[in-house]
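Survey of secondary and tertiary structure
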Amino acid sequence: MGRKYNFPVEVLGVILGLLWIAPFYLMIVNSFKTKREMFSDVLKLPEDFTFDNYVEAFTQLEFLKTFMNSLIITVVSVVIIILFSSMAAYALSRAKGKVSTIIFFIFVAAMLIPFQSVMIPLITLFGKFEMLNRAGIIFMYLGFGSSLSIFLYHGTLGGISKSLDEAATIDGANKFQIFWYIIFPMLKPISVTVAILNTIWIWNDYLLPSLVINQEGMQTIPLRMFFFFGEYTKQWHLALAGLTIAIIPVIIAYFFAQKQIIKGVSEGAVK
């Protein structure tokens, strides 16, 4: 029996696809236009494709330095979040008693606290300890990213039998060996999910870096992008070129890791 053709669903899928790709079309097409041509008609293709916007945007963004700042902060933060959150979730899931339950619910409740409510006292406190730098922002990302990550890991660990721990203990393994060599490899699917969620958040974050590391030589890509938006002028043609350059490394990284990402997300969904 052949697949039933559903015309309304097909049309709706095409419309949704066009709506999703429209912002990328506008960004890429207008990045090849001059400022005057862009404001004359943002929808049409460029009359004369120019790469001058990309050259100027690359230079003004100090892209290599800015990209490395974003890369270092994102990679280090995500790795630390995965390690600490998985260990914390493992300890809480294996511990018995009201204390571990209360601690877990404190982590869950912390997800409901908006950053804006703790923003000023947090920056003041870190300023007193002279931690308004890369190390400080990585530490903050660990704090803000741990709640959701622990929640996800804790749910997955609930489906892993404690008999594995008991068998490893009988064989002479300590707690760290049990976690690192037995439990943590089994958490790979959810670790991929945690890595994706936190990478998207940290890579695109503007507010926290603007408060902590908004200094020359330390700015991330979202911070540096505001270089094109002044008090009296907005250089949209350069900004769009800069945005296009900024997403290229992410796209390349996705193509290299797409098998692991899709496998991790699908396995995590099944579990």
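Residues numbered from 1 in each chain as written. Predicted model: local features only at pLDDT ≥ 70, side-chain atom pairs only at ≥ 80, totals over all residues. Heavy atoms only, no water.

What to know about the confidence of the model for the protein
This prediction gives the protein a mean pLDDT of 85; 93% of its residues lie at or above 70. No element of the protein has a lower mean pLDDT than helix H13 (residues 236-270), at 74, and none a higher one than helix H4 (residues 63-94), at 93. (pLDDT = per-residue confidence, 0-100. Helix = DSSP H or I, 4+ residues; strand = E, 2+ residues; numbered from the N terminus.)

Let's talk about the environment of Leu-187
Topologically, Leu-187 is positioned in the loop between helix H9 (175-186) and helix H10 (188-204). Take Leu-187: its relative accessible area is 0%, and that puts it in the buried class. With 100 residues separating them along the chain, Leu-187 and Met-87 place their C-alpha atoms 11 Å apart. When near neighbours in sequence (up to four residues on either side) are disregarded, Leu-187 contacts Ser-86, Tyr-153, Thr-156, Leu-157, Ile-160 and Phe-179. (Buried < 20%, exposed > 50% of the residue type's maximum accessible area, 1.4 Å probe, protein only. Contact = heavy atoms within 4.5 Å.)

A closer look at the layout of surface pockets
There is about 1,300 Å³ of room inside the largest pocket. Secondary-structure elements contributing two or more residues to the lining of the largest pocket are helix H1 (7-30), H4, H10, helix H12 (221-225) and H13. No other element matches H13, which puts 11 residues into the lining of the largest pocket. Of the residues assigned to the lining of the largest pocket, the class counts are 29 nonpolar, 4 polar and 1 charged. Estimates place the volume of the second largest pocket at around 390 Å³. Around the second largest pocket sit 16 residues that line it, and Ala-110, Gly-143, Phe-144, Gly-145 and Ser-147 are the ones nearest its centre. Counting only elements with at least two residues in the lining of the second largest pocket, the list comes to helix H6 (115-128), helix H7 (134-157) and H10. Sort the elements by how many residues they give to the lining of the second largest pocket and H7 lands first, with 7 residues. The residue inventory of the lining of the second largest pocket, partitioned by class, reads 12 nonpolar, 4 polar and no charged. (1 Å grid on protein atoms, 1.4 Å probe; cavity = no way out; pocket = protein on both sides within 12 Å on 5 of 7 lines; lining within 4 Å. Points joined across faces, edges and corners; volume = space filled by probe spheres on them. Nonpolar A, V, L, I, M, F, W, Y, C, P; charged D, E, K, R; others polar.)

Digging into the packing of aromatic side chains
For the structure shown, the criterion picks out 18 aromatic pairs. Residues Phe-115 and Phe-144 carry aromatic rings whose centres are separated by 5.2 Å and whose planes lie at 80° to one another, so their mutual orientation is edge-to-face. Placement of Phe-115 in helix H6 and of Phe-144 in helix H7 is noted, with a sequence separation of 29 residues between them. For the ring pair Trp-180 and Phe-184, a centre distance of 5.2 Å and an interplane angle of 5° mean the geometry is stacked. Pair noted here: Trp-180 and Phe-184 are both in helix H9, with a separation of 4 residues, about one helical turn. By the ring-pair criterion, three or more aromatic residues cluster together here, those being Tyr-90, Phe-176, Phe-179, Trp-180 and Phe-184. (Phe/Tyr/Trp six-rings, centres within 6.5 Å; stacked < 30°, edge-to-face > 60°.)

Quick word on the nonpolar core
Ranked by internal contacts, the top residues of the largest apolar core, which has 36 residues, are Ile-137, Ile-183 and Leu-187. Secondary structure elements with two or more residues in this core: H4, H6, H7, H9, H10 and helix H11 (207-212). Looking at this core, the element that brings in the most residues is H7, giving 8 residues. In this structure, Tyr-54, Trp-203, Phe-228 and Ala-246 belong to the second largest nonpolar core, which totals 15 residues. (Core = buried A, V, L, I, M, F, W, Y, C linked by side-chain atoms within 4.5 Å.)

With respect to the packing of H7 against H10
Relative to each other, H7 and H10 sit at 155°, their axes nearing to 10 Å. By the criterion of interaxial angle, the relationship of H7 to H10 is roughly antiparallel. The way H7 lies across H10 gives a crossing that is right-handed. Of the residues in H10, those in contact with Tyr-141, Phe-144, Gly-145, Leu-148, Ser-149, Leu-152, Tyr-153 and Thr-156 of H7 are Ile-190, Ser-191, Val-194, Leu-197, Asn-198, Trp-201 and Ile-202. Taken together, the residues that form the contact of H7 with H10 break down as 10 nonpolar, 5 polar and no charged. (Axes fitted to C-alpha atoms, helices over the stretch in contact; angles between N-to-C directions. Parallel < 35°, antiparallel > 145°, perpendicular 65-115°, else oblique. Left-handed = near helix turned anticlockwise from the far one by under 90°.)

Some remarks on the pattern of salt bridges
The final tally for this structure, using the stated rule, is 2 salt bridges. We note a salt bridge from Glu-47 to Lys-44, for which the minimum N-O separation is 3.0 Å. What makes Glu-47 exposed here is its relative accessible area of 59%. For Lys-44, a relative accessible area of 30% translates into the label partly exposed. Note that Asp-165 and Arg-94 form a salt bridge whose closest N and O atoms lie 3.2 Å from each other. In this pair, Asp-165 sits in helix H8 (residues 163-170) while Arg-94 sits in helix H4, placing the two residues 71 residues apart along the sequence. (Salt bridge = Lys/Arg side-chain N within 4 Å of Asp/Glu carboxyl O.)

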